[in-house]
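# Examination of the molecular architecture
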Amino acid sequence: MAKRVDHVGILVSNLDEAIKLYEDCLGVVVDKIETVSEQGVRAAILSLAEGAKLELLEPLPGSNLARVLEKRGEGLHHITFEVDDVDKELSRLSELVELIDKKPRQGLEGLVAFLHPKSLRGVLIELCQRI
Ligand code: CO
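Residues numbered from 1 in each chain as written. Predicted model: local features only at pLDDT ≥ 70, side-chain atom pairs only at ≥ 80, totals over all residues. Heavy atoms only, no water.

## Describing the sheet that holds strand S4 (residues 53–59)
Heads up, the condition is: Here, a strand pair is defined by DSSP locating no fewer than two bridges between the strands. Strands here are runs of E lasting at least two residues and helices are runs of H or I lasting at least four, both read from the DSSP assignment and numbered beginning at the N terminus. When checking whether two residues touch, look at their non-hydrogen atoms; a contact exists if any pair is within 4.5 Å. Only the contacting stretch of a helix is used when fitting its axis, a line to C-alpha atoms as for every element, and angles between N-to-C directions run 0 to 180 degrees.
Spatial ordering of the open sheet is given by S2-S3-S4-S1-S5-S8-S7-S6, a layout of eight strands whose pairing is mixed. Each edge of the sheet is formed by a strand with only one pairing partner; in this case those strands are strand S2 (29–36) and strand S6 (105–106). By the bridge criterion, seven bridges tie S2 to strand S3 (residues 41–47) in an arrangement that is antiparallel. Note on S3: the bridge partner recorded for glutamate 34 is alanine 43. Packed on one face of the sheet, helix H1 (residues 15–26) meets strand S1 (4–11), S2, S3 and S4 and runs near 155 degrees to S4.

Here is the structure:
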């Protein structure tokens, strides 16, 4: 079962502009910026003093995420829940919802896996296990 909401993922067309906007408007601070080529994304993790986090995602050209941005535009992309063991959660959840990832993969800050939004009332859910 999920322990807490880890972060909210937001799809943006320009990462640097989005970072500046969120910093200026909401006072979030950049923890890290990284390109994860296998996921087709340049991403930034931003946090607030109390521990809440945002993940801003700028798709790399030609990626799946770039097509999502083209189709749906910028906005809320996913909500991430922290779990103790992603692999264990995936086997439990495979009975209940449609999985996008059958196995955990390496994310920005640990092992992650996505659950299909059509099983979860239209919300893309990411599970994350910190390592
Ligand atoms: Co995420």
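There is more to say, and it comes next.
## Structural notes on the environment of isoleucine 19
Turning to its location among the elements, isoleucine 19 is positioned in helix H1. Distance in space between the C-alpha atoms of isoleucine 19 and alanine 44 is 7.8 Å, their sequence separation being 25 residues. In contact with isoleucine 19, other than residues within four places in its own chain, are Val30, Ile33, Ala44, Leu46 and Leu56.

## Things to note about the side chain of glutamine 129
Spelled out, the test is: A 3.5 Å cut-off defines polar contacts: any pair of N or O atoms within that distance qualifies, except that in protein one atom must be a possible hydrogen donor and the other a possible acceptor, and neighbouring residues in sequence count only when both atoms are side-chain atoms.
Within the fold, glutamine 129 resides in strand S8 (residues 125–129). A distance of 3.5 Å separates a polar side-chain atom of glutamine 129 from the backbone oxygen of aspartate 84. At a separation of 2.9 Å, a polar atom in the side chain of glutamine 129 contacts the main-chain amide nitrogen of valine 86. The residues contacting glutamine 129, other than those within four sequence positions of it, are Val83, Asp84, Asp85, Val86, Glu109, Gly110 and Leu111.

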